[in-house]
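# Summary of the model geometry
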Amino acid sequence: MLVNLVINIFYLFSFLAIVLIGLPLLDGLISYTLAKNLKGYMVNNFSFKSQYWLGGLGVIIHELGHAAFAVIFGHKITQIKLLNFHPEDGSLGSVGSMYNRKSRYQTLGSFFIGLGPLFSGLLVCWLLLEFLCHPIYTAIPLDEVKQLGPTNFINFIMQITTTWLGNFTTAFLNAGIVNQLILIILIGMISSTVFSLSSEDLHSSYTGLPSFFMVIAVLSVIGGILETVSLSFHLTIDRLLLLIAALWLILLLLIFICLLISLVEMWLGSLILRIR
C-alpha cells in the first residue's frame, strides 16, 4: 500500500511538472526565439516603425495578456502602455506591477503573467477562427484511456492533436475566400508581435517556478492518496493530464502556424516593395 502510494505520488508529480510547467515553458521559449527572429526580419526589411503599423494590434493584445493575469493573481498594476511610441529601451509596450513576495499565490502568478501573451494571442486568434470559419470539433474519446504510460501518453496526445488540427483545417477550407483572406491577414498582423516574449517576460515566469513546484507537490500528494484508494479518480486524473498536454502541444503548433503566416505576409510585402 505504502509503496503504491509513493509510486503514484512520484508519477503524478512528474507528469504534472511536465504538463503544467515543462510544456508551457517550452512553448514560451520557442515563441521567444521564433518571434524574436520574425521581428528582426520585419525591422530589417521595412523599418522599426513597421512594428506599429503592422503589429500594433498584436502589441496591444500582448500587453493586455500581461495585465489580465496580473489582475487575476492580485498584482497591483503601476503603469500600463499598450503602445509606446517613444521607446527608450526598444519596448513597444509595457505593463508594470507590484506584488507581495511573501504571498505564494501572487508569486505563482508571476509564472502566468510572463506567459500571458501566449494565452491572449491564441485566444484572439481562436475567436477570429470561430467568427470567420465556425469549426466543428470532434469529441475526444477520453473513455478509451485506461492507463497513463509513456506510450499511451504520446499516442493519445498525437491523436487529439491531429484530430483538432484537422477540424481547424476543414473549417478554414470551407469558410470562403473572403473570410479566409481576412483571417490570414489579421492573424499575420497580430502574430508579428503578440507572441514576441521578452527576456523580462521569461524571467518573470522563472520567478514563479518555486511556488508552482510547491503547488504541484501538494497536488501530487493529495492526488496520489486519492488515486491509491480510487481507480475511477486515477483514470480521471490520467485523462485530464492527457487533455492538458494535448492542448499545450496544439497551442505550440498554432503559434508556429501563426508566426509562419506572418513571415509569409512580410516576405510578400518586402518582395512587392522591391519590385516597385
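Quick summary incoming for the structure in this document. (Residues numbered from 1 in each chain as written. Predicted model: local features only at pLDDT ≥ 70, side-chain atom pairs only at ≥ 80, totals over all residues. Heavy atoms only, no water.)

## Re the environment of Phe212
This is how it is decided: Runs of E in the DSSP output that reach at least two residues are strands. Runs of H or I that reach at least four are helices, and both are numbered from the N terminus. Exposure categories follow from relative accessible area, calculated using a 1.4 Å probe and restricted to protein chains: below 20% of the type maximum is buried, above 50% is exposed, and the middle band is partly exposed. It only takes one pair of heavy atoms within 4.5 Å for two residues to be counted as in contact.
Position of Phe212 relative to the elements: it lies in helix 9 (residues 209–229). Overall, the relative accessible area of 7% leaves Phe212 in the buried class. Residues Phe212 and Arg104, 108 residues apart in the sequence, show an inter-C-alpha distance of 8.6 Å. If sequence neighbours within four positions are ignored, Phe212 has contacts with Leu20, Ile21, Leu108, Phe111 and Phe112.

## Thoughts on the layout of surface pockets
Any empty space left between atoms is shown by rolling a water-sized probe over those atoms. What counts is decided by this rule: Within this scheme a cavity is a closed region of a 1 Å grid, computed over the protein atoms alone, that accommodates a 1.4 Å probe without allowing it to escape, whereas a pocket is open but has protein on both sides within 12 Å along at least five of seven lines; lining residues each have an atom within 4 Å of a point. Grid points are joined across faces, edges and corners, and a volume is the space filled by probe spheres set on the points. Gly is placed with the polar residues, together with every amino acid not listed as nonpolar (Ala, Val, Leu, Ile, Met, Phe, Trp, Tyr, Cys and Pro) or charged (Asp, Glu, Lys and Arg).
The computed volume of the largest pocket comes to approximately 930 Å³. Along the walls of the largest pocket sit 33 residues, with His66, Gly93, Ser198, Glu200 and Asp201 positioned nearest its centre. Of all the secondary-structure elements, those providing two or more residues to the lining of the largest pocket are helix 1 (2–45), helix 3 (56–72), strand 2 (94–98), helix 4 (104–114) and helix 8 (199–207). Across the lining of the largest pocket, the residue classes tally to nine nonpolar, 17 polar and seven charged. Taken as a whole, the second largest pocket encloses approximately 750 Å³ of empty space. If you trace the second largest pocket, you find 27 residues lining it, with Cys125, Trp126, Leu129, Phe168 and Leu254 closest to the centre. Among the elements of the structure, helix 5 (116–133), helix 6 (150–173), helix 7 (177–194) and helix 10 (231–275) are those that each provide at least two residues to the lining of the second largest pocket. The biggest single contributor to the lining of the second largest pocket is helix 5, with 10 residues. Split into classes, the residues belonging to the lining of the second largest pocket amount to 24 nonpolar, three polar and no charged.

## A word on the side chain of Asn167
Within the secondary structure, Asn167 sits in helix 6. With relative accessibility at 11%, the residue Asn167 sits in the buried group.

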